[in-house]
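Fold and geometry: a report
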Amino acid sequence: MHNLDFSSWHSLLVTLIGLSLITLIGVGIRLLMMVVIQQRRERMNRQINERLRTLIAAYRTLGGSFTGDLAVDPRHRRELRIMPEGATLPGDDVTGQTGTQAGSERARRIRDAVEAALSDIILLGTEEHVRLAEQAARELVAGQRVHTHNLVVSLRSFIRKALDLEPIPSDLAIPMQGPVRTSSSGGRAKEDGKKDGSDKGGGGGGGDGGMHGSGEMTAFGGGTGTDSHDAASHPGP
(Lines give C-alpha, C1' and ligand atoms only; values in the text may rest on other atoms or scores of the structure.)
Protein backbone atom coordinates (compact mmCIF):
# COMPACT_ATOMS: atom_id res chain seq x y z
CA MET A 1 0.00 0.00 0.00
CA HIS A 2 2.97 2.37 0.54
CA ASN A 3 3.92 2.06 -3.16
CA LEU A 4 0.51 3.16 -4.43
CA ASP A 5 0.66 6.46 -6.27
CA PHE A 6 -2.48 8.58 -6.67
CA SER A 7 -0.71 11.82 -7.56
CA SER A 8 -1.83 11.78 -11.21
CA TRP A 9 -4.34 10.11 -13.49
CA HIS A 10 -1.63 8.08 -15.15
CA SER A 11 -0.31 6.75 -11.85
CA LEU A 12 -3.88 6.02 -10.67
CA LEU A 13 -4.64 4.07 -13.86
CA VAL A 14 -1.45 2.02 -13.58
CA THR A 15 -2.24 1.28 -9.94
CA LEU A 16 -5.80 0.15 -10.74
CA ILE A 17 -4.58 -2.08 -13.59
CA GLY A 18 -2.00 -3.68 -11.30
CA LEU A 19 -4.62 -4.32 -8.59
CA SER A 20 -6.98 -5.81 -11.18
CA LEU A 21 -4.29 -8.16 -12.48
CA ILE A 22 -3.40 -9.31 -8.98
CA THR A 23 -7.10 -9.89 -8.20
CA LEU A 24 -7.65 -11.83 -11.44
CA ILE A 25 -4.61 -14.01 -10.80
CA GLY A 26 -5.80 -14.76 -7.27
CA VAL A 27 -9.34 -15.58 -8.46
CA GLY A 28 -7.97 -17.79 -11.27
CA ILE A 29 -5.76 -19.72 -8.86
CA ARG A 30 -8.69 -20.18 -6.50
CA LEU A 31 -10.99 -21.40 -9.28
CA LEU A 32 -8.32 -23.79 -10.53
CA MET A 33 -7.89 -25.22 -7.04
CA MET A 34 -11.66 -25.56 -6.65
CA VAL A 35 -11.95 -27.40 -9.99
CA VAL A 36 -9.11 -29.76 -9.09
CA ILE A 37 -10.59 -30.48 -5.67
CA GLN A 38 -14.06 -30.97 -7.16
CA GLN A 39 -12.75 -33.41 -9.78
CA ARG A 40 -10.85 -35.37 -7.14
CA ARG A 41 -13.95 -35.47 -4.94
CA GLU A 42 -16.13 -36.67 -7.83
CA ARG A 43 -13.59 -39.36 -8.70
CA MET A 44 -13.52 -40.52 -5.08
CA ASN A 45 -17.32 -40.56 -4.97
CA ARG A 46 -17.46 -42.65 -8.14
CA GLN A 47 -14.94 -45.07 -6.72
CA ILE A 48 -16.86 -45.33 -3.44
CA ASN A 49 -20.17 -45.81 -5.25
CA GLU A 50 -18.71 -48.48 -7.54
CA ARG A 51 -17.12 -50.21 -4.57
CA LEU A 52 -20.35 -50.19 -2.59
CA ARG A 53 -22.34 -51.38 -5.61
CA THR A 54 -19.96 -54.29 -6.12
CA LEU A 55 -19.90 -55.25 -2.44
CA ILE A 56 -23.69 -55.04 -2.20
CA ALA A 57 -23.99 -57.37 -5.20
CA ALA A 58 -21.50 -59.74 -3.55
CA TYR A 59 -23.51 -59.60 -0.32
CA ARG A 60 -26.69 -60.55 -2.17
CA THR A 61 -24.90 -63.43 -3.87
CA LEU A 62 -23.25 -64.79 -0.74
CA GLY A 63 -26.13 -64.18 1.67
CA GLY A 64 -29.30 -64.38 -0.39
CA SER A 65 -30.67 -67.54 1.23
CA PHE A 66 -31.85 -68.33 4.75
CA THR A 67 -33.19 -71.84 4.23
CA GLY A 68 -32.09 -75.05 2.56
CA ASP A 69 -28.48 -76.05 1.98
CA LEU A 70 -26.43 -72.94 2.86
CA ALA A 71 -23.03 -74.41 1.97
CA VAL A 72 -21.21 -74.08 -1.35
CA ASP A 73 -20.46 -77.41 -3.02
CA PRO A 74 -17.04 -77.11 -4.74
CA ARG A 75 -17.33 -80.32 -6.77
CA HIS A 76 -17.33 -80.13 -10.54
CA ARG A 77 -19.40 -82.21 -12.94
CA ARG A 78 -16.49 -84.51 -13.76
CA GLU A 79 -16.28 -85.39 -10.07
CA LEU A 80 -20.01 -86.04 -9.85
CA ARG A 81 -19.89 -88.52 -12.71
CA ILE A 82 -18.15 -91.05 -10.48
CA MET A 83 -20.88 -90.84 -7.83
CA PRO A 84 -22.95 -94.01 -7.25
CA GLU A 85 -26.07 -94.57 -9.32
CA GLY A 86 -29.11 -92.79 -7.88
CA ALA A 87 -27.12 -90.70 -5.38
CA THR A 88 -28.51 -87.23 -4.68
CA LEU A 89 -27.06 -84.00 -3.43
CA PRO A 90 -28.44 -81.93 -0.54
CA GLY A 91 -30.98 -79.38 -1.70
CA ASP A 92 -31.70 -81.04 -5.04
CA ASP A 93 -34.61 -79.68 -7.03
CA VAL A 94 -35.73 -82.67 -9.09
CA THR A 95 -37.68 -81.57 -12.16
CA GLY A 96 -37.75 -84.48 -14.53
CA GLN A 97 -34.01 -85.16 -14.12
CA THR A 98 -32.14 -87.45 -11.81
CA GLY A 99 -31.11 -85.98 -8.48
CA THR A 100 -27.43 -85.98 -9.43
CA GLN A 101 -28.05 -84.14 -12.71
CA ALA A 102 -30.35 -81.51 -11.27
CA GLY A 103 -28.23 -81.03 -8.15
CA SER A 104 -24.97 -80.82 -10.08
CA GLU A 105 -26.34 -78.15 -12.43
CA ARG A 106 -27.71 -76.11 -9.55
CA ALA A 107 -24.53 -76.52 -7.50
CA ARG A 108 -22.47 -75.47 -10.51
CA ARG A 109 -24.41 -72.23 -10.91
CA ILE A 110 -24.14 -71.44 -7.20
CA ARG A 111 -20.42 -72.24 -7.15
CA ASP A 112 -19.73 -70.03 -10.18
CA ALA A 113 -21.67 -67.12 -8.67
CA VAL A 114 -19.87 -67.48 -5.32
CA GLU A 115 -16.45 -67.63 -6.98
CA ALA A 116 -17.19 -64.43 -8.92
CA ALA A 117 -18.37 -62.70 -5.73
CA LEU A 118 -15.23 -63.80 -3.86
CA SER A 119 -13.09 -62.42 -6.67
CA ASP A 120 -14.84 -59.04 -6.44
CA ILE A 121 -14.40 -58.96 -2.67
CA ILE A 122 -10.69 -59.73 -2.92
CA LEU A 123 -10.41 -56.81 -5.36
CA LEU A 124 -12.51 -54.16 -3.57
CA GLY A 125 -13.04 -55.37 0.00
CA THR A 126 -11.40 -54.26 3.23
CA GLU A 127 -8.59 -56.22 4.86
CA GLU A 128 -11.08 -58.24 6.90
CA HIS A 129 -13.16 -58.99 3.80
CA VAL A 130 -10.09 -60.04 1.83
CA ARG A 131 -8.96 -62.40 4.58
CA LEU A 132 -12.37 -64.07 4.85
CA ALA A 133 -12.72 -64.30 1.07
CA GLU A 134 -9.22 -65.76 0.77
CA GLN A 135 -10.06 -68.39 3.37
CA ALA A 136 -13.26 -69.32 1.54
CA ALA A 137 -11.41 -69.51 -1.78
CA ARG A 138 -8.77 -71.81 -0.30
CA GLU A 139 -11.49 -74.09 1.08
CA LEU A 140 -13.12 -74.24 -2.35
CA VAL A 141 -9.80 -75.12 -3.97
CA ALA A 142 -9.27 -77.83 -1.36
CA GLY A 143 -12.65 -79.35 -2.22
CA GLN A 144 -14.32 -78.52 1.10
CA ARG A 145 -17.90 -77.33 1.51
CA VAL A 146 -17.82 -73.63 2.36
CA HIS A 147 -20.13 -71.54 4.54
CA THR A 148 -20.13 -67.81 3.74
CA HIS A 149 -22.04 -66.57 6.81
CA ASN A 150 -19.05 -64.89 8.50
CA LEU A 151 -18.16 -63.01 5.34
CA VAL A 152 -21.80 -62.00 4.88
CA VAL A 153 -21.93 -60.56 8.42
CA SER A 154 -18.73 -58.58 7.82
CA LEU A 155 -20.04 -57.22 4.52
CA ARG A 156 -23.36 -56.29 6.08
CA SER A 157 -21.70 -54.31 8.88
CA PHE A 158 -19.39 -52.48 6.47
CA ILE A 159 -22.17 -51.57 4.02
CA ARG A 160 -24.48 -50.26 6.74
CA LYS A 161 -21.65 -48.17 8.20
CA ALA A 162 -20.71 -46.80 4.77
CA LEU A 163 -24.35 -45.80 4.16
CA ASP A 164 -24.62 -44.13 7.60
CA LEU A 165 -27.22 -46.64 8.76
CA GLU A 166 -27.72 -47.67 12.34
CA PRO A 167 -26.10 -50.97 13.32
CA ILE A 168 -28.41 -53.95 13.55
CA PRO A 169 -29.75 -54.34 17.12
CA SER A 170 -27.86 -56.92 19.10
CA ASP A 171 -31.06 -58.50 20.45
CA LEU A 172 -32.05 -59.72 16.96
CA ALA A 173 -31.26 -63.32 16.06
CA ILE A 174 -30.78 -63.22 12.29
CA PRO A 175 -30.66 -66.76 10.87
CA MET A 176 -27.55 -68.08 9.20
CA GLN A 177 -27.24 -66.86 5.61
CA GLY A 178 -25.92 -68.71 2.58
CA PRO A 179 -25.45 -68.21 -1.16
CA VAL A 180 -28.48 -67.34 -3.24
CA ARG A 181 -30.02 -70.20 -5.21
CA THR A 182 -29.83 -69.17 -8.84
CA SER A 183 -32.43 -70.33 -11.33
CA SER A 184 -31.92 -71.43 -14.91
CA SER A 185 -33.75 -69.70 -17.75
CA GLY A 186 -33.56 -72.69 -20.09
CA GLY A 187 -37.01 -74.04 -19.23
CA ARG A 188 -38.63 -70.66 -19.66
CA ALA A 189 -36.92 -70.17 -23.02
CA LYS A 190 -38.23 -73.52 -24.17
CA GLU A 191 -41.76 -72.62 -23.08
CA ASP A 192 -41.52 -69.29 -24.92
CA GLY A 193 -40.32 -71.15 -28.02
CA LYS A 194 -43.26 -73.52 -27.80
CA LYS A 195 -45.66 -70.60 -27.47
CA ASP A 196 -44.15 -68.88 -30.48
CA GLY A 197 -44.40 -72.10 -32.48
CA SER A 198 -48.04 -72.58 -31.56
CA ASP A 199 -48.82 -68.98 -32.43
CA LYS A 200 -47.15 -69.35 -35.81
CA GLY A 201 -49.01 -72.62 -36.39
CA GLY A 202 -52.31 -70.92 -35.67
CA GLY A 203 -51.43 -68.16 -38.08
CA GLY A 204 -50.59 -70.73 -40.78
CA GLY A 205 -53.95 -72.43 -40.25
CA GLY A 206 -55.66 -69.12 -40.71
CA GLY A 207 -53.75 -68.60 -43.95
CA ASP A 208 -54.75 -72.03 -45.21
CA GLY A 209 -58.33 -71.31 -44.34
CA GLY A 210 -58.12 -68.08 -46.28
CA MET A 211 -56.68 -69.88 -49.31
CA HIS A 212 -59.41 -72.53 -49.19
CA GLY A 213 -62.03 -69.85 -48.88
CA SER A 214 -60.58 -67.97 -51.87
CA GLY A 215 -60.58 -71.18 -53.88
CA GLU A 216 -64.21 -71.81 -53.07
CA MET A 217 -65.11 -68.27 -53.95
CA THR A 218 -63.21 -68.56 -57.25
CA ALA A 219 -64.91 -71.82 -58.13
CA PHE A 220 -68.25 -70.35 -57.25
CA GLY A 221 -67.52 -67.28 -59.25
CA GLY A 222 -66.39 -69.39 -62.22
CA GLY A 223 -69.59 -71.40 -62.05
CA THR A 224 -71.64 -68.27 -62.03
CA GLY A 225 -69.84 -66.89 -65.02
CA THR A 226 -70.42 -70.13 -66.96
CA ASP A 227 -74.08 -70.15 -66.12
CA SER A 228 -74.37 -66.56 -67.31
CA HIS A 229 -72.58 -67.39 -70.55
CA ASP A 230 -74.87 -70.36 -71.22
CA ALA A 231 -77.88 -68.23 -70.55
CA ALA A 232 -76.65 -65.61 -72.99
CA SER A 233 -75.87 -68.22 -75.70
CA HIS A 234 -79.31 -69.86 -75.47
CA PRO A 235 -81.88 -67.18 -75.02
CA GLY A 236 -85.27 -68.22 -74.00
CA PRO A 237 -88.32 -68.11 -76.26
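What you see as residue numbers is a count from 1 along each chain, following the sequence as written. Only residues with pLDDT of 70 or above have their local features reported here, since the model is predicted, and side-chain atom pairs are shown and tallied only from 80 upward, although totals for entire chains, interfaces and linings are computed over all residues. Working from all heavy atoms in the structure, the side-chain values ignore hydrogens and water.

Side note on the overall build of the protein chain
Rule in force here: Only runs of H or I of at least four residues qualify as helices and only runs of E of at least two qualify as strands under DSSP, and these elements are numbered from the N terminus. Throughout this description, buried means an accessible area under 20% of the type-specific maximum (1.4 Å probe, protein chains only), exposed means over 50%, and partly exposed covers the range between. By the convention used here, residues are in contact when the closest approach between their heavy atoms is within 4.5 Å.
For the protein chain, the helix and strand inventory stands at six helices and two strands. Order of helices (α) and strands (β) in the protein chain, N terminus to C terminus: α-β-α-α-α-β-α-α. For the protein chain, with 237 residues in total, the buried portion stands at 21%. The long-range share in the protein chain, meaning contacts at least 24 apart out of those at least 6 apart in sequence, stands at 69%.

Brief notes about the pattern of salt bridges
Going by this rule: Definition used for salt bridges: Asp or Glu carboxyl oxygen within 4 Å of a side-chain nitrogen of Lys or Arg.
One pass over the full model with this rule turns up 10 salt bridges. Taking the shortest distance from any N to any O, the salt bridge between Glu105 and Arg109 comes out at 3.6 Å. With a gap of four residues between them, Glu105 and Arg109 both fall in helix 3 (residues 99–124), about one helical turn apart. Residue class for Glu105 comes out partly exposed when judged on its relative accessible area of 23%.

Some thoughts on the nonpolar core
Side chains of a nonpolar character, in soluble globular proteins, are inclined to be buried together. The following threshold applies: In this text, buried Ala, Val, Leu, Ile, Met, Phe, Trp, Tyr and Cys residues form a nonpolar core when linked through side-chain atoms within 4.5 Å.
If you look at the biggest cluster of nonpolar residues, it comprises 18 residues, and the most contacted ones within it are Leu62, Val114, Leu118, Ile121, Leu151 and Leu155. In terms of residues, this core owes the most to one element, helix 3, which gives five residues. The contact partners of Val114, leaving out residues within four places of it in the chain, are Thr61, Leu62, Val72 and Pro179.

Quick look at the packing of helix 4 (residues 127–141) against helix 5 (residues 149–162)
Going by this rule: In this analysis, axes come from line fits to C-alpha atoms, helices being fitted only over the stretch in contact, and the angle between any two N-to-C directions falls in the range 0 to 180 degrees. Angle categories are assigned with fixed cut-offs, so that under 35 degrees is roughly parallel, over 145 is roughly antiparallel, 65 to 115 is roughly perpendicular, and the rest are oblique. Note on convention: the crossing is left-handed when the near helix lies turned anticlockwise from the far helix by less than a right angle, right-handed when the turn is clockwise. The residue classification treats Ala, Val, Leu, Ile, Met, Phe, Trp, Tyr, Cys and Pro as nonpolar and Asp, Glu, Lys and Arg as charged. All others, Gly included, are polar.
Contact geometry for helix 4 and helix 5: axes closest at 10 Å, N-to-C directions at 160°. With respect to helix 5, the axis of helix 4 lies roughly antiparallel. Of the two possible hands of crossing, helix 4 and helix 5 adopt the one that is left-handed. Together, Glu128, His129, Leu132 and Ala133 of helix 4 and Asn150, Leu151, Ser154, Leu155 and Phe158 of helix 5 make up the contact between the two elements. Among the residues making up the contact of helix 4 with helix 5, the classes are represented as five nonpolar, three polar and one charged.

As for helix 4
One full turn of an α-helix is made of 3.6 residues, so residues set three or four places apart face in the same direction. For the record, the criterion: Each helix should span, by expectation, one fewer than its residue count multiplied by 1.5 Å. What the arc measures is the spread of directions leading from the helix axis to the C-beta atoms.
Counted at 1.5 Å a residue, the expected span for helix 4 with its 15 residues is 21 Å, and the 21 Å between its end C-alpha atoms agrees. Among the residues of helix 4, His129, Ala133, Ala136 and Leu140 are the ones counted as buried. Seen end-on, helix 4 carries its buried residues on one side only, within an arc spanning 60°. Exposed and oriented more than 90 degrees from the buried face of helix 4 are Glu127, Arg131, Arg138 and Val141. Within two residues after helix 4, Gly143 carries a phi angle of roughly 80°, on the positive side.

Quick notes on the side chain of Ser154
When you line up the elements, Ser154 lands in helix 5. When residues no more than four places from it in sequence are discounted, the contact partners of Ser154 are Glu128, His129 and Leu132.

Here's the deal with a nonpolar patch on the surface
Going by this rule: Exposure above 30% relative accessible area and the absence of a salt bridge qualify a residue for a patch, where like charges join within 9 Å and nonpolar side chains (Val, Leu, Ile, Met, Phe, Trp, Tyr) within 5 Å. Here the open area of atoms and residues is found with the Shrake-Rupley method and a 1.4 Å probe, where only the protein chains shown may cover a residue.
On the surface, a cluster of nonpolar side chains totalling about 410 Å² of accessible area is made up of Leu13, Ile17, Leu21 and Leu24. Among the residues examined, Ile17 registers a relative accessible area of 45% and is labelled partly exposed.

Looking at the UniProt feature "transmembrane region" (unreviewed entry) in the protein chain
This is how the line gets drawn: UniProt positions are given in the numbering used here, feature names are shortened, and annotations may be inferred rather than shown by experiment.
Under the UniProt annotation, "transmembrane region" (unreviewed entry) lies at residues 12–37. The span residues 12–37 carries 100% helix and 0% strand; its end-to-end C-alpha distance comes to 37 Å.

Observations regarding helix 1 (residues 9–62)
In this model helix 1 runs 78 Å from its N-terminal to its C-terminal C-alpha over 54 residues, within 8% of the 80 Å that 1.5 Å per residue would give. Looking only at helix 1, the buried set comprises Ser11, Thr15, Leu52, Thr54, Leu55, Ala58, Tyr59, Thr61 and Leu62.

Section: the packing of helix 1 against helix 5
Relative placement of two packed helices is described by the angle separating their axes and the distance separating the axes. One can describe the packing of helix 1 onto helix 5 by two numbers: an axis separation of 10 Å at closest approach and a directional angle of 145°. With respect to the hand of their crossing, helix 1 and helix 5 are arranged in left-handed fashion. Between helix 1, through Arg51, Leu52, Leu55, Ile56, Ala58, Tyr59 and Leu62, and helix 5, the contact on the second element is made entirely by Leu151, Val152, Leu155, Arg156, Phe158, Ile159 and Ala162. Partitioned by chemical class, the residues of the contact of helix 1 with helix 5 number 12 nonpolar, no polar and two charged.

What to know about the confidence of the model for the protein chain
Quick reminder of the rule: pLDDT gives the predictor's per-residue confidence on a scale running from 0 to 100.
Per-residue pLDDT for the protein chain averages 74, and the proportion of residues at 70 or more is 62%. For the stretch residues 86–102, pLDDT sits under 50, and the model shows 24 contacts to residues farther than four places along the chain or on other chains. When the criterion is pLDDT under 50, residues 200–237 qualifies, and its contacts beyond four places in sequence or with other chains add up to zero contacts.

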